[in-house]
Amino acid sequence: MPTAKKALPPGIRHLPDHFDRPAQQALVDDIRRVVEAAPLFTPAMPRTGKEMSVRMTNCGELGWVTDKERGYRYQPTHPVTAEPWPPIPDTLLDLWRAVADHPDPPQACLVNFYSDSAKMGLHQDRDESDFSAPVVSVSLGDDCLFRVGGVNRNDPTQSFRLRSGDVVILGGEGRLAFHGVDRIYPETSTLLKNGGRINLTLRRVTISV
Ligand code: SIN
Ligand code: MN
């Protein structure tokens, strides 16, 4: 008999297979255009300068960046090209309207690219001023093991697999939940020609007036 699935922490929603394969392919084409305008860069941790294993870029009016000198922040331009970020693709704006339950559109879309060995340690998304809007995340490409807990670092966590086309929403009580990516499962998807995983996270950054 299959074991019952554990309920997710409050405010965390997992929408498996939200995007079907053609929609995933169209999103990959959108992201390819974003990366052409705003190339992937390697972010570095504040103070230590230790490079993260994911590469990233952004679209939207603001993008999340980090480097040794200035740490985690949002800024309107790419850290290497100094150009404004390209706009957020319509499909992602539609997704936000459908699931975010927030009157204003997302301001930032972080694009994370995970190679086979990349991961992301347990953290909170708290560089935004507006926690009333959720974080909406889309997975494309290879599966990963996603971990999520509560709002305190020591709260119990649970992990589950995210697959291409899945959407996760961290909202309400779960907006500041600790989360991370334990590992990528290489060669579990044929969506990306050269493998790997893309994660897109949509966020509001400033408080709406
Ligand atoms: C993130 O927390 O920025 C990314 C989460 C994910 O890759 O699913
Ligand atoms: Mn995060």
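Anything mentioned here points back to the structure above.
Draft legend 1. Representation of the packing of aromatic side chains in the model. Applying the stated criterion across every chain, the model contains two aromatic pairs. Look at W64 and Y72: their rings are 5.3 Å apart centre to centre, the planes differ by 35 degrees, and that puts the pair in the tilted class. Overall, the relative accessible area of 40% leaves Y72 in the partly exposed class. Between F146 and F160 the ring centres are 5.7 Å apart and the planes differ by 70 degrees, which places this aromatic pair in the edge-to-face class. Of the two residues, F146 is situated in strand β8 (residues 143-148) and F160 in strand β9 (residues 158-162); the sequence distance between them amounts to 14 residues. Considered together, F146 and F160 belong to a single accessibility category, that of buried residues. A cation over an aromatic ring shows up here: R161 above the ring of Y185, its NZ or CZ 3.7 Å from the ring centre. The cationic tip of R197 hangs over the ring face of Y114; the distance from NZ or CZ to the ring centre is 5.0 Å.

Draft legend 2. Local environment of the site of ligand 1. The environment of ligand 1 is made up of N112, Y114, M120, H123, F146, H179, V181, R197, N199 and R203. H179 places a polar side-chain atom, nitrogen or oxygen, 3.0 Å from an oxygen atom of ligand 1. Between ligand 1 and N199, the relevant distance is 3.2 Å, taken from an oxygen atom to a side-chain nitrogen or oxygen of the residue. Coverage of ligand 1 by the protein amounts to 97% of the 260 Å² it exposes when considered alone. At a threshold of 2 Å from the grid points, most atoms of ligand 1 map onto the largest pocket. If one sorts the elements of the shell around ligand 1 by residue count, strand β12 (residues 197-203) sits on top with three residues. Class assignment of the residues belonging to the shell around ligand 1 gives a composition of four nonpolar, four polar and two charged.

Thresholds applied
- Residues numbered from 1 in each chain as written.
- Chains lettered and ligands numbered in written order.
- Predicted model: local features only at pLDDT ≥ 70, side-chain atom pairs only at ≥ 80, totals over all residues.
- Heavy atoms only, no water.
- Phe/Tyr/Trp six-rings, centres within 6.5 Å; stacked < 30°, edge-to-face > 60°.
- Buried < 20%, exposed > 50% of the residue type's maximum accessible area, 1.4 Å probe, protein only.
- Helix = DSSP H or I, 4+ residues; strand = E, 2+ residues; numbered from the N terminus.
- Lys NZ or Arg CZ within 6 Å of the ring centre and 35° of its normal.
- Near = heavy atom within 4 Å.
- Polar contact = N/O pair within 3.5 Å; in protein donor to acceptor, adjacent residues only side chain to side chain.
- Areas by Shrake-Rupley, 256 points an atom, 1.4 Å probe, with all protein chains shown as cover.
- 1 Å grid on protein atoms, 1.4 Å probe; cavity = no way out; pocket = protein on both sides within 12 Å on 5 of 7 lines; lining within 4 Å.
- Sits in = over half its atoms within 2 Å of the grid points.
- Nonpolar A, V, L, I, M, F, W, Y, C, P; charged D, E, K, R; others polar.

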